[in-house]
Amino acid sequence: MNIQGIFLVDEFVTQEEEQKLVSVIDCRKPWVPSQEGRVKQDYGPKVSFLKRKVSVGNFGGFPDFAVNLMNRIQVNHPEIMDGFVPVEFCILDYCPERKSYIRPHYDDKWIWGDRLITVNLLSDTYLRLTREFNIPPIEIVIKMPRRSLLVIRGEARYEWYHSISRYDIKSRRIAMTWREFGDEILRDSDYKEFVDEVFAIASQIESV
């Protein structure tokens, strides 16, 4: 079955770059417990999705390695990155000892935009796409090789749940994901001051 909105680049970073990135990530700031056996590092605004409450919080810009990687993605792949302005950068650490996974879900459609950009480090894994209204259920499995770049957008972003099974986490995996603002929050005058402030901060490199 064909699905629109999946863009994959193998070997987006080199082995040497991967080693340096993991070393910098591990040393830059503490990992914080997340859901479903994951730990995380977040750079971006604080969001309560259910209550639609937002604040800038402690957001002070993005780390230099995230800025450099995003610049490379935008330069090398303008066909999918036109107009993409990152406002959130999240790093997730998965490992089999913690039985890490992420359940089938849509990324929030109110605040986050069309494109979800992920660079996959340390191990291969599989992204599983499912549709809640298919009987019998349909599942599409997309291999995410180590050091690859994956972009989800369009149909894959809005019409399919995505997930990572704990059974596909065979060794440590680090996922770096960038997100953009969605049209709904950009059009909402109640959030204009917040959006403008986040854009201003997101253009800065976080001081260490």
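Let me begin by describing the structure that accompanies this report. (Residues numbered from 1 in each chain as written. Predicted model: local features only at pLDDT ≥ 70, side-chain atom pairs only at ≥ 80, totals over all residues. Heavy atoms only, no water.)

**Observations concerning the sheet that holds strand β7 (residues 102-105)**
Defined as follows: By this definition, two strands are paired if DSSP reports at least two bridges between them. Each helix is a run of DSSP H or I of at least 4 residues and each strand a run of E of at least 2, with the numbering of both proceeding from the N terminus. Each axis is a line fitted through C-alpha atoms, and for a helix only the stretch in contact is used; angles between axes span 0 to 180 degrees, taken between their N-to-C directions.
As summarised here, the arrangement of the 4 strands in space is β7-β12-β9-β10, forming an open sheet in which the pairing is antiparallel. Two strands close off the open sheet at either side, each with one partner strand: β7 and β10 (139-144). Taken pair by pair, the neighbouring strands of this sheet meet at an average axis angle of 20°, ignoring direction. Looking at chain direction, β7 and strand β12 (residues 161-164) are connected through 2 bridges and run antiparallel. Following the sheet pairing, histidine 105 is matched in β12 by histidine 162.

**Section: the environment of methionine 176**
As a reminder of what qualifies: Should any heavy atoms of two residues lie within 4.5 Å, those residues are counted as being in contact.
Relative to the helices and strands, methionine 176 resides in strand β13 (residues 173-181). Separated by 55 residues in the primary sequence, methionine 176 and leucine 121 place their C-alpha atoms 8.1 Å from one another. Setting aside its immediate chain neighbours within four residues, methionine 176 contacts Leu21, Ile25, Phe65, Leu69, Phe89, Cys90, Ile91, Ile117, Thr118, Val119 and Leu121.

**Describing the nonpolar core**
Going by this rule: Residues enter a nonpolar core if they are buried and are Ala, Val, Leu, Ile, Met, Phe, Trp, Tyr or Cys, with the set joined through side-chain atoms within 4.5 Å. Burial here depends on accessible area, computed with a 1.4 Å probe over protein chains only, as a share of the maximum for the residue type. Under 20% is buried, over 50% is exposed, and the range in between is partly exposed.
If you look at the biggest cluster of nonpolar residues, it comprises 41 residues, and the most contacted ones within it are Phe89, Ile117, Met176 and Trp178. Excluding anything up to four places from it in sequence, phenylalanine 89 contacts Gln41, Asp42, Tyr43, Phe62, Pro63, Phe65, Ala66, Met176, Thr177 and Trp178. Core analysis: the next-biggest nonpolar cluster, separate from the first, contains 18 residues, Ile3, Leu116, Leu129 and Ile169 among them.

**Some details on the layout of surface pockets**
Formally: A 1.4 Å probe that fits but cannot get out identifies a cavity on a 1 Å grid over protein atoms alone, an open set with protein on both sides within 12 Å along at least five of seven lines counts as a pocket, and a residue lines either if it has an atom within 4 Å of a point. Grid points are joined across faces, edges and corners, and a volume is the space filled by probe spheres set on the points. Under the grouping applied here, Gly and all other residues not named as nonpolar or charged are polar, the nonpolar ones being Ala, Val, Leu, Ile, Met, Phe, Trp, Tyr, Cys and Pro and the charged ones Asp, Glu, Lys and Arg.
Quantified by volume, the largest pocket comes out at close to 1,400 Å³. If you go around the largest pocket, you meet 44 residues; those closest to its centre are Lys40, Phe49, Glu88, Cys90 and Arg179. Those elements giving two or more residues to the lining of the largest pocket turn out to be β3 (39-43), β4 (46-48), β6 (86-94), β7, β8 (112-121), β11 (149-152), β12 and β13. Residues of the lining of the largest pocket, tallied by class, amount to 20 nonpolar, 11 polar and 13 charged.

**Section: the pairing of β10**
Of the two faces of β10, the one holding Ile140, Ile142 and Met144 is buried and the one holding Glu139, Val141 and Lys143 is not buried anywhere. Pairing between strand β9 (residues 125-130) and β10: 6 bridges, direction antiparallel. Across the sheet, residue leucine 127 finds its bridge partner in β10, namely isoleucine 142.

**Regarding the packing of helix α1 (residues 15-28) against helix α2 (residues 64-76)**
Put simply, α1 and α2 touch, their axes get as near as 10 Å, and they point 145° apart. Facing Glu17, Leu21, Val24, Ile25 and Arg28 of α1, the residues of α2 in contact are Asp64, Phe65, Leu69 and Arg72. Residue composition of the contact of α1 with α2, grouped by class: 5 nonpolar, no polar and 4 charged.

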